[in-house]
Each structure stands twice: as C-alpha cells, then as structure tokens.
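Listed below, chain by chain, are the residues.
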Amino acid sequence: MDWDDAYANAPHIPSAEAYPPRWAAEAAAFRATARGQTGQSYGPHPRQGFDLFLPEAESSGLVVFVHGGYWMKFDRSIWSHLAAGAVARGWAVAMPSYRLAPEAAIPDITADIRAAVETISAALPRGPLVLAGHSAGGHLVARMLCGDAAPGAAADRIARVVPISPVSDLRPLLKTQMAGPLYLDAGSAAAESPVLMTPRPGVPVHVWVGGDERPVFLDQARWLAEAWTGAALTVDEGRHHFDVIEGLTRPDSPLTGALLDGL
C-alpha cells in the first residue's frame, strides 16, 4: 500500500488546485462585511492569534473553529467564511491560527490550541462553547477533551465537539513521508492520538466525514466514533475532503445543525 497516496487528498479531487484561492477570496469577502475583531493575540508568536466574528445581537454562545492542513499549512485568514452559518444563527465564532510544523511539533500545536481556547473563552465568557475543526483541526479539537490537553477553566464550558474529517489515530502517519516534518515517532504518535484516550465525560461528540473522502479518512472518522462511546458519526454522502466543510457557510445546513442544534 502506498501510504503517502492514501493520505493525499488533492490528487483525488477534481480541480483541487482551485479550492485554496476560492477559499481565500470567500474568506476575504466575508471579513469585509463581518462584525468583530481580527488579529487578536493569545500568545507571543506571530501565528498565535485569532479572529473573532460576532452576530448582530448578543451572542447565544461561542464556536471555536480550528483549520486543517496536516499541521503544516494554512492560517485562519483562509477560512473566515466558514463562520457565516453560525454567526447567522446568533453565535460568535473565533478562528485561531497556530504554529506550523516543522517549526513546531504536534504537541506544541496542541498546546497552542489549548491556549487559544482558554484565551478566547475568557474573552467571551457567556453561553456554551462548541469546538469544531477540520482534518488536522479535527484532531486538535478532539484533543481538547483529553485530560492532558484540557483548556483550563474553559473545559467546563465545552458543550459539544465536532471533529470534521479528523485524523484521530496518528500512528498510520508513521508510514508516510509526513512523519519527518511532523517529528512523529511511535511514542509521540500514540501520545497525540485521541482514539487511544478517554474523553471528558458528558460532552457530546459528533464526528463528521464526507462519503467521497479517501478510505483512510472514513476509517479515521469511524475509529474515533467507535473509540469514544456515545459519539455520533455522520457520513455526508457526495462530499470529499475539500467540500465537506462548505455546510458551515449556511445557517440551515445539517453540518451547522450538528454544531448548534439543541444548544
């Protein structure tokens, strides 16, 4: 088996190269009219910052969305438009950036998100807290339910976690070329794998994955849902790894509902 190809998304998505510039354009258009503050800091590194988008009225709660890119690519500015659905439903949405590999190892990135969630939660202390993330971001928000990464006082406020197409078991990545820049070995891969951990009790988890994703991502989603008793799993038929997140732009989409319905 070619493990590098198994975990490669773009070569198997038609017109994959068009997605990043489209995301960036849609994100910039959203920021141009959105309420909130951009460029807020949660740490001293230039990438330790977040953007906050606010609804017209007092917010019903707070969503923190963590982007993907295999812990090595992108920043918050490309994903701003994914706040649109939750903001339209009256929720505040924060989007952090984080240090990237190979400058930072995955435990350092996990620590960045923990610090981001603590800082953002303290800045908007009212209402429930929902954590959502895509791909590597799905891994990072799942880690916030694990005791060693729990985000301080903010942990008591977490009402739901939605890992979208998450990497939940990092051990298969040891078979890929990514293991080098990610500084993965057997110990660190196991220590950062949510499937090997017991999540905080009482917090609903809804794992979401596209039906047309690479088989390994369907496996990764299923493994997390099976490992964490009570977690829901939705396979969004017809969606691949790049368009599975598009529902977050719409207030009435099933994916936005998975974040917010009932809260």
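Because the structure is a prediction, the values reported are computed rather than measured.

Cut-offs applied
- Residues numbered from 1 in each chain as written.
- Predicted model: local features only at pLDDT ≥ 70, side-chain atom pairs only at ≥ 80, totals over all residues.
- Heavy atoms only, no water.
- Helix = DSSP H or I, 4+ residues; strand = E, 2+ residues; numbered from the N terminus.
- Rg over C-alpha atoms; globule rule 2.2 N^0.38 Å.
- Buried < 20%, exposed > 50% of the residue type's maximum accessible area, 1.4 Å probe, protein only.
- Contact = heavy atoms within 4.5 Å.
- Areas by Shrake-Rupley, 256 points an atom, 1.4 Å probe, with all protein chains shown as cover.
- Lys, Arg positive; Asp, Glu negative; His and termini not counted.
- Charge placed at Lys NZ, Arg CZ, Asp CG, Glu CD.
- Phe/Tyr/Trp six-rings, centres within 6.5 Å; stacked < 30°, edge-to-face > 60°.
- UniProt positions renumbered as here; feature names shortened; annotations may be inferred.
- Pairing = 2+ DSSP bridges.
- Core = buried A, V, L, I, M, F, W, Y, C linked by side-chain atoms within 4.5 Å.
- Salt bridge = Lys/Arg side-chain N within 4 Å of Asp/Glu carboxyl O.

Here we come to the overall build of the protein chain. Secondary structure summary: the protein chain contains 8 helices and 8 strands in total. In terms of overall size, the protein chain behaves like a compact globule, its C-alpha atoms giving a radius of gyration of 17 Å where 263 residues would be expected to give roughly 18 Å. Counting every position in the protein chain, which comprises 263 residues, the buried fraction comes to 56%. Contacts in the protein chain between residues at least 24 apart in sequence constitute 77% of all its contacts with a sequence separation of at least 6. Only carbon and sulfur atoms are counted for the fraction: they give 53% of the accessible area of the protein chain, which is about 10200 Å². Distance between charge centres in the protein chain, computed from 20 positive and 28 negative side chains, equals 5 Å.

Across all of its chains, the model carries 10 aromatic pairs by this definition. A ring pair is formed by tryptophan 23 and tryptophan 79, whose centres lie 4.7 Å apart and whose planes are at 40°; its orientation type is tilted. One end of the pair, tryptophan 23, is in helix α2 (residues 19–33); the other, tryptophan 79, is in the loop between β3 (62–66) and α3 (84–88), and 56 residues separate them in sequence. Measuring from ring centre to ring centre gives 5.4 Å for phenylalanine 74 and tryptophan 79, while their planes differ by 90°; the resulting arrangement is edge-to-face. Overall, the relative accessible area of 21% leaves phenylalanine 74 in the partly exposed class. With a relative accessible area of 3%, tryptophan 79 lands in the buried category. Put simply, the rings of Tyr19, Trp23, Phe74, Trp79 and Phe242 pair up and form one aromatic cluster.

According to UniProt, the "domain: Alpha/beta hydrolase fold-3" (unreviewed entry) feature falls on residues 63–173. Split by type, residues 63–173 is 28% helix and 20% strand. Its first and last C-alpha atoms lie 29 Å apart.

Before going further, it helps to spend a moment on the pairing of strand β4 (residues 92–96). For β4, the tally of buried residues reaches 5 of 5 residues, placing the bulk of the element in the interior. Bridge analysis of strand β2 (residues 49–54) against β4 gives 4 bridges, and the strand direction is antiparallel. Residue pairing across strands places phenylalanine 53 opposite valine 93, the latter belonging to β4.

All right, on to the nonpolar core then. Within the largest apolar cluster, 57 residues are counted, with the highest numbers of intra-cluster contacts made by Leu62, Val64, Trp71, Leu131 and Leu173. The element that contributes the greatest number of residues to this core is helix α4 (residues 106–123), accounting for 6 residues. Sequence-distant contacts of leucine 131, defined by excluding residues within four places in its chain, comprise Val64, Val117, Val141, Met144, Ile158, Arg160, Val161 and Val162.

Before going further, it helps to spend a moment on the environment of proline 166. Relative to the assigned elements, proline 166 resides in the loop between β6 (158–164) and α6 (186–191). Relative accessible area serves as the criterion here: at 1%, proline 166 is assigned to the buried category. Each C-alpha atom of the pair proline 166 and methionine 197 lies 15 Å from the other, and the pair is 31 residues apart in sequence.

The next point concerns the pattern of salt bridges. Tallied over the entire structure, the rule returns 15 salt bridges. Ionic pairing is found between arginine 222 and aspartate 219, a salt bridge with its closest N-O pair at 3.0 Å. Placement of the pair is arginine 222 and aspartate 219 together in helix α7 (residues 215–227), with a separation of 3 residues, close to one helical turn. Taking relative accessible area as the criterion, arginine 222 reaches 33% and is therefore assigned partly exposed. The partly exposed category is assigned to aspartate 219, whose relative accessible area is 26%. The partner of glutamate 226 in a salt bridge is arginine 222, and the shortest N-O contact between them spans 3.7 Å. Separated by 4 residues within a single helix, glutamate 226 and arginine 222 lie in helix α7, roughly one turn from each other. Shared partners join several salt bridges into a network, and the residues in it are Arg22, Glu26, Arg239, Asp243 and Glu246.

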